[in-house]
Every structure is written in C-alpha cells, then in structure tokens.
Amino acid sequence: MSESGVKRVRTTSWSAGPGCHGGCGVVATVKDGRLVKLEGDPEHPWNQGRLCSRALAMTQYVHHPDRLRTPLKRAGERGEGKWEAISWEEAYDLIEARMKAIRDEHGPESFLFTIGTGRDIYPWISLLAYTYGSPNIVFGLSGNSCYATRISACKMVQGDYMVFDAAQWFPDRYDDPRWVQPECIVIWGYNIPASCPDNLFGHWIVDLMKRGTKIVTIDPRLSWFASRSEHWLQLRPGTDAAIAMGFLHVIVNEGLYDCAFVEKWTNAAHLLRTDTGRLLRESDLRAGGATANFVAWDAVRSAPAVWDAASQAYPAGAQPLLEGTCEVALADGGRVACETVWTAFRREVDRYPLDRVAEITMVPAEQVREAARFYAKAKPAAIHWGVPIDMTPNMTPTAHALAALWCITGNLDVPGGNVLARFAFNAVAYALPGTKSVFAPSAEAEAKRIATDRYGIFKKFSLRAQTDVTLEQIFTGEPYPIKGMWMAASNLIGGLGQDPKRWVEALKKLDFVVAVDLFHTPSTQLADVVLPAASFLEKDGVRSWWVPLQTINKAMTVEGCKPDIEIGFELARRFDPGFQWESIHDLLDDILKPSGMTFGELQEKGWAFPPEGHPSAPYRRHEKGLLRPDGTPGFCTPSGRVELYSTLREEWGLEPFPIFEEPPLSPLSRPDLAAQYPLILSTGRRSPVLYHTEHRQIPWLRALDPDPIVEIHPATASEHGIGAGEWVWVENSFGKALFKAKVTLEVPTWMVMAAHGWWFPEEPGAEPSLHGAFRSNANNLLPMGYQGKDGQGAPIKHGLCRVYKATPEDVIHA
C-alpha cells in the first residue's frame with residue numbers, strides 16, 4: 001500500500017467476474033479499498049496486456065449496487081421473492097442442520113451439487129460434495145453438452161485431450177525455437193474471438209494469421225474468421241460428422257495420410273473378427289490368453305502376432321499387416337476370417353463419398369474436397385472445435401472422426417499441430433474427465449453416481465452425473481430420491497437448463513435448495529438460502545488448467561461476500577469430522593504439491609511453465625514414454641495406441657468407428673415437424689460482452705448488447721414481413737420466445753440464430769416473472785431427454801422453428 005492508499009495487485013482473471021474460462025494476467029489498481037482500474041498484464045505470456053470488455057468492466061461489476069452482500073433466508077413461499085437477511089454464522093448453522101438431516105434420512109447421494117461452465121467453483125463444490133458424501137455433481141446442460149464431453153471423447157480414443165498450438169507452452173511464445181508455426185488451422189464451429197476461450201484465445205489465431213497461417217472455417221454463420229478464410233464450409237448444423245467423414249474419405253483415398261504414423265501409433269493393424277465384428281483377442285487364440293492383448297497378422301510368418309498391451313510390443317521380428325484379410329485358428333479348434341482395423345476403417349470412410357456428404361451437409365462436394373486437401377497437405381496443421389461438436393447427440397462419434405483427422409495426418413503432438421493438453425505440473429484443482437484432484441468421492445459413493453450404470457463413458461471418464469437422467473430422477477425418485485440441491489454459479493432457469501419450466505418444477509419438488517452467487521438470478525429466487533459469493537479479485541486461488549501454473553491473488557474485499565473456496569471449506573469442515581486441512585493455504589499447498597512449490601512460492605513467481613521432459617510439456621510425448629503411467633511409449637488407451645476402432649465403444653455396445661447420424665429434430669428426421677417449422681433453429685452464439693447469463697446488469701456491457709436478438713437473413717425476413725429491429729416470436733413444438741430481429745447476411749436463408757442466456761435483472765424477481773426468465777429464453781424451444789446413445793450431447797444447435805412478427809401487445813405483455 002502506498003501513502004496515497006493505492007495498491008496494484010498482479011493476479012489471474014477467472015470467475016466470478018469476466019465469467020469466461022479465464023487465464024489472463026491482469027493488474028488490479030485498488031484505491032482505499034475500491035477497484036478503480038483493471039488492466040491486462042503486459043508481461044503475462046498468454047494475453048500480453050490484452051483484455052476483454054468484460055474484464056475491463058470489473059469496476060462496475062464488483063461495486064454494483066445490486067450485488068448480494070449478506071446471506072438471505074427465504075421468508076415467504078419459494079419463488080415469492082421475500083427474504084430475510086441473516087448472518088454468515090446463522091446461514092452456516094441452518095445449512096449444516098438441513099443438509100445433515102437429508103443425509104441422515106435419505107443418504108448423501110440424495111443431495112445434488114450443480115455448477116455452471118468453467119468457473120473457479122468446480123474444485124470447491126467437489127470438496128463440499130465429497131466431504132458431505134454425495135457423488136452427484138451436475139452440470140445443467142442436456143447431454144452435459146459442453147467441453148467435458150469432448151475431453152471424454154478424446155480420452156476414449158487417444159488417452160488425452162488436444163488443442164491447437166500457438167506456442168502457449170513457452171514463456172517466450174513465438175520466439176521459442178521448439179515451436180513451428182501452423183500452416184493451417186481449421187476453426188470448426190467456433191467464433192473464438194467472441195466466445196469463452198477454453199484457455200485458447202482468438203487473438204492467438206489473429207497473431208498466427210499475421211504471420212502467415214491460413215484458415216479453414218466450418219460454420220453455418222459468416223463469422224469473422226469465416227470471412228477471412230481460404231475455405232469456408234457453410235454446413236447444415238448438426239452434420240459436422242459427415243463433413244469430417246468426407247475429409248477422411250478424401251485423405252484416405254488420395255493417399256494424403258501419414259502412413260508411418262498410422263502403422264506405428266494407431267491400432268490400424270489389429271484384427272477384427274468378421275463373424276462378431278469385434279476385435280480379435282489373445283484369449284480367442286489360446287486358453288489362458290489375455291483379453292487385454294490384441295492380435296495382428298504377421299506378414300513375415302503368415303501367422304497371428306499378439307500385441308502385448310502391457311509391454312506395448314509385438315513379438316520380435318513381426319511385421320503387422322496394415323490392410324487385408326486373413327484366416328485365424330481359434331482356441332476352440334475353429335477358424336475365423338478376420339480383417340484389419342484399417343481395412344474396416346477404410347470401408348466405413350467409403351460410406352461417405354462426397355456426393356453423399358454434399359447431400360447431407362448442403363456443402364458442395366468440390367468445396368469439401370478442396371478444403372480436405374488443403375488441410376491434409378499443410379504441415380503442420382491443427383483443428384480446433386467449439387461447442388457445436390458437443391451440442392449434438394452424435395457428439396462422441398463426431399469427436400472420434402475429428403481426432404482421426406489430426407492423427408492420420410501426422411499432426412498429433414507435433415509443433416504447430418494438435419498438442420496434448422495436460423494440467424501444468426500435473427497439479428490438479430479443477431479436475432476434468434479422466435483426471436483426479438486431491439478431492440475424490442469414496443468408492444461406495446461413486447457407485448451411486450447418477451447414470452454411471454447406464455453410460456460407460458460417464459463411469460469411465462466423467463466426474464459428473466448425467467443431467468437428463470438426473471432431472472428425471474428428481475420426479476421419479478428412482479432408484480433413490482433426490483431431496484436437495486446446492487447451486488453455485490449455476491443459473492439453471494435463466495440459461496443453463498433446457499426446458500426451464502420443468503427445472504422450476506424440479507426445484508420446487510426439493511426439500512432444501514442453497515444458491516451461491518454474486519447477484520440474484522431467476523434460479524436464486526427459487527432457493528431457501530442464498531449466499532453472496534466473491535469475485536476473483538476477492539480471493540486467493542490456483543489455476544492449472546493446462547499451462548502455465550498460476551495463482552489468483554486477493555486484491556480487495558467486498559464486505560459481506562465470501563469466496564466459494566471459503567464457503568466450501570467451512571461447510572466441508574462441519575460435514576467431515578476427519579477433514580484434513582487446517583487452512584485454505586494448506587489446501588492450496590496440497591494441490592500444488594506435484595509442482596514442488598507452495599502457494600506462497602508460486603505466488604512470488606506469478607506463473608510457472610513445466611520444463612521440457614515433463615508430461616505436461618510438449619512435444620511427441622507418446623514417443624518418449626511420457627504419457628502412460630508405466631513409462632512405455634504410447635497412449636493411455638486400452639491398446640496403448642490411437643484407436644481408430646474404439647475398444648471402449650465396443651465394450652459399451654456402441655459403434656466403434658466414427659459415424660454420422662442424422663440429428664433427431666431436423667428437416668430430414670422429422671419432416672412432419674419441418675412442415676410446420678421450416679427454419680433450422682440454432683442458439684448459443686457468443687456475445688463478446690456478455691457471458692452466458694451473466695452481465696445483463698453491468699451498464700457498460702448491457703449498452704453494447706442491450707436486447708435478445710435473433711439473426712435472420714434479409715430474404716427470410718422479407719418473406720415474413722419482418723424488419724430490422726422488430727420484435728418477433730421464435731416458436732416450435734416445445735415453446736416460444738421473444739427476440740428482436742437482427743437482419744443480417746451472417747446467417748443463411750434456411751436458419752436463424754437466437755441469442756441464449758437472456759433474462760432481465762431489472763424486472764421483478766418474484767414469480768411469475770422470475771426476472772423475465774421465460775420471455776426471451778431460447779431454452780423454451782429446446783427439450784431435455786434427447787441425449788446421445790452414450791449420454792453425451794443433445795440437439796441444442798439444430799432444432800426447428802418458425803418466426804413471425806410479434807404484436808405491440810405481445811411485447812408489452814410478454
């Protein structure tokens with residue numbers, strides 16, 4: 001603190017505040033306890049001084065007059081909008097008593113813990129849930145359709161998640177000699193400058209473009225990147241898998257793949273039985289053979305060769321056949337015809353000739369061909385996708401197809417390609433699918449996580465309950481009742497949950513609901529207790545979501561508010577008599593232990609990059625034995641190889657090869673609905689100044705994006721007599737919502753794009769309004785219960801609808 005009462009604190013942005021997935025280095029200027037300025041840290045290697053409008057508006061955010069500043073207890077009926085202010089100690093005592101009563105009577109699994117996307121809440125809600133004894137952490141989107149699903153899908157076939165390479169692994173970024181500039185980046189359904197970055201930033205791609213990287217954009221909207229692309233494929237929403245299979249068709253049939261990688265690092269040579277369609281195992285060949293070992297055909301000996309999954313090796317001298325058929329003698333004395341995975345993979349790819357791809361996707365065949373050639377011939381090249389891949393029931397097969405693209409083109413974990421993303425130094429606070437933090441549920445609790453008995457990928461990788469099944473269980477009480485919910489940074493009614501009125505019914509069925517947030521929302525209005533949370537400027541924390549490893553450093557205090565970590569810590573201590581940490585800094589030290597640094601030591605540094613040779617530092621880690629726990633070269637999959645044929649999908653009774661499936665609510669799958677609702681409805685377009693349901697009360701940001709809009713092509717608007725700026729209804733068989741028309745060439749004639757996350761904090765919080773939660777809520781038009789076969793993905797980006805002009809009375813009374 002200087003004599004003038006001004007201090008400048010270097011910290012890391014995350015939630016609560018900008019709302020996004022964060023990671024930017026910032027400098028907060030605080031005078032006499034008030035934030036007067038937030039700036040980008042020019043020395044930070046990720047953002048290098050750049051900062052978004054949401055972060056720049058933090059001065060209006062942290063001192064907003066509507067911020068919650070004391071715990072509130074419901075004083076009337078739930079949703080009546082009547083509250084009584086109570087002290088933190090009273091709130092803790094009340095919550096402890098009510099939650100313990102539910103645990104004693106119904107079991108800890110009967111209490112849900114719900115979260116929003118990407119916030120710095122996941123570790124602390126995990127701490128709370130697991131010490132309470134519940135395994136049921138829930139993310140409100142149908143099909144859990146955001147980010148975690150793609151990580152699960154990637155881990156299923158590659159063992160790790162991948163991101164594009166903008167030299168973010170190195171302090172000196174583009175000047176590091178180990179890095180190679182991508183020749184091409186495919187931006188797949190991702191308006192990255194306006195979206196949450198997932199720890200990747202739009203300005204990185206702009207940097208690369210300035211240096212010569214060319215762009216391929218796959219998006220139905222004419223985004224900023226689409227307008228500057230070498231190739232723009234304007235596909236029908238929900239047909240991304242068909243485009244990916246078309247790319248594979250071109251690349252495989254024109255010999256544009258990396259044969260050496262396919263032979264050495266994929267399971268292309270493993271044999272499939274033609275009688276069962278399943279992988280041939282060592283146990284098929286001889287009694288006592290391991291089911292974990294696979295079989296190839298040795299072209300030298302003309303005999304089977306066992307792939308030992310433990311040692312990651314064939315017998316010495318074996319030369320596995322990549323393509324073809326063979327006949328193999330079985331342990332039972334029979335013989336079976338087999339073919340290689342690569343042979344079957346090629347046959348699957350050949351089901352997608354470009355004429356068929358064009359028919360499915362509405363993208364001309366020649367455009368697909370040229371874009372596929374451009375990507376395949378670029379060395380190196382990378383692909384990065386957005387939530388449209390997550391938000392389709394065909395999510396996992398689509399991700400499998402995309403993974404196959406970067407693998408067979410030899411762009412996996414190479415400089416400038418798709419690079420493995422791991423937690424810095426393996427220090428995990430915010431655990432994502434396939435990883436564990438210092439918090440974990442007991443085995444007994446984990447066995448009761450909702451839908452793990454139904455969906456293998458949730459049991460194997462995900463840490464969350466499946467959302468659609470969870471919602472149904474609230475109503476059915478089967479196999480066990482749901483009695484309570486903790487909602488932190490989770491606005492289920494305002495924007496996260498599809499079919500929001502059903503979520504209202506669900507919340508009203510519960511015995512006890514706690515909400516933690518910075519402002520009242522439609523969802524907090526349905527709670528029994530509301531706790532006022534703190535922004536990222538008001539807390540200490542850590543961030544290891546990929547690299548670098550960073551600290552969040554407390555810059556100020558807002559009276560009456562507490563950070564989620566402190567709330568979770570206090571209640572966890574009350575729920576668990578054996579709670580092991582004495583202080584929050586002890587807990588942070590424990591999380592950082594793999595790095596060899598304490599919180600204080602890392603705080604002094606600001607950030608730290610893992611050294612070369614560490615599993616969380618690139619490149620070519622599969623060649624160096626840095627990925628697998630046993631230290632052998634390869635990947636963390638059942639076979640140890642990139643799996644073009646998924647062993648786990650086979651085990652779960654699902655299609656083991658990538659495929660395209662028509663979305664369930666499309667003009668082709670439901671022509672009956674399309675006759676009434678002829679336009680394709682897409683939603684979820686990101687605003688550069690609002691993050692999902694947040695920031696509607698921040699004056700600077702609301703002024704830039706004041707109304708819920710629906711984008712309509714000029715020809716479509718003219719056909720319906722709609723002018724720019726007029727209010728229109730968007731309607732389908734599930735419901736309707738009111739939007740202001742933005743007439744624009746950004747969308748095609750056959751599609752509209754409706755903004756999501758809209759509610760109106762300036763309107764009454766009590767029912768029936770709930771801050772206008774249902775007037776312009778795109779989720780009114782989206783169902784729950786249409787998740788993919790494996791529980792992942794939902795039809796959020798590709799529904800059906802019609803649009804028509806609203807009357808002045810509609811606008812007044814809506």
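Residue indices begin from 1 for each chain and proceed along its sequence in written order. Since the coordinates come from a predicted model, pLDDT governs what is reported: local features require at least 70, and pairs of side-chain atoms require 80 or more to be given and counted, while whole-chain, interface and lining totals use all residues. With hydrogens and water excluded, all non-hydrogen atoms of the structure serve as input to the side-chain values.

Caption draft 1: Quick look at helix 10 (residues 341–349). Relative accessibility decides the category of a residue: with a 1.4 Å probe and only protein chains considered, values under 20% of the type maximum give buried, values over 50% give exposed, and everything between is partly exposed. A run of DSSP states H or I qualifies as a helix once it reaches four residues; a run of E qualifies as a strand once it reaches two. Both are numbered from the N-terminal end. The buried fraction of helix 10 amounts to 8 of the 9 residues, a majority that puts the element mostly inside the structure. Restricting attention to buried positions, one finds in helix 10 the residues Val-341, Trp-342, Thr-343, Ala-344, Phe-345, Arg-346, Glu-348 and Val-349. Lining the buried residues of helix 10 we find helix 7 (240–253), helix 8 (259–265), strand 12 (271–273), strand 16 (335–340) and helix 14 (395–408). Residue contacts are defined here by distance: any two heavy atoms, one from each residue, within 4.5 Å place the two residues in contact.

Caption draft 2: Fine view of the side chain of Thr-343. The residue Thr-343 is located in helix 10 in this model. Overall, Thr-343 belongs to the buried group, its relative accessible area being 16%. Pairs of N or O atoms within 3.5 Å make up the polar contacts considered here, provided that, within protein, one atom can donate a hydrogen while the other can accept it, and that residues adjacent in sequence are counted only when both atoms are side-chain atoms. From its side chain, Thr-343 meets the backbone nitrogen of Gly-324 in a polar contact 2.8 Å long. Polar contacts involving the side chain of Thr-343 include one to the side chain of Thr-340, which spans 2.8 Å. The residues touching Thr-343, leaving out its near neighbours within four places in the chain, are Leu-322, Glu-323 and Gly-324.

Caption draft 3: Looking closely at the sheet that holds strand 11 (residues 231–233). Spatial ordering of the open sheet is given by 11-10-9-17, a layout of 4 strands whose pairing is parallel. Here the strands that pair on one side only, and so sit at the sheet edges, are strand 11 and strand 17 (381–385). Strand-to-strand twist of the sheet, defined as the mean angle between neighbouring strand axes without regard to direction, takes the value 15°. A pair of strands is labelled paired if DSSP reports no fewer than 2 bridges between them. The sheet contact formed by strand 9 (residues 184–188) and strand 17 spans 5 bridges and is parallel. Residue Ile-187 lies in a different strand from strand 17, and its bridge partner there is His-384. Note on geometry: axes are lines fitted to C-alpha atoms, helical ones only across the stretch in contact, with angles between N-to-C directions running from 0 to 180 degrees. Packed on one face of the sheet, helix 7 meets strand 9, strand 10 (214–218) and strand 11 and runs near 155° to strand 9.

Caption draft 4: Spatial organisation of unusual backbone geometry. With omega at -10°, the peptide bond leading from Ser-15 into Ala-16 counts as cis. Here Ala-16 shows up in the loop between strand 1 (6–12) and strand 2 (25–31). In this model, Val-547 is joined to Pro-548 through a cis peptide bond whose omega is -5°. Within the secondary structure, Pro-548 is located in the loop between strand 22 (541–543) and strand 23 (549–552).

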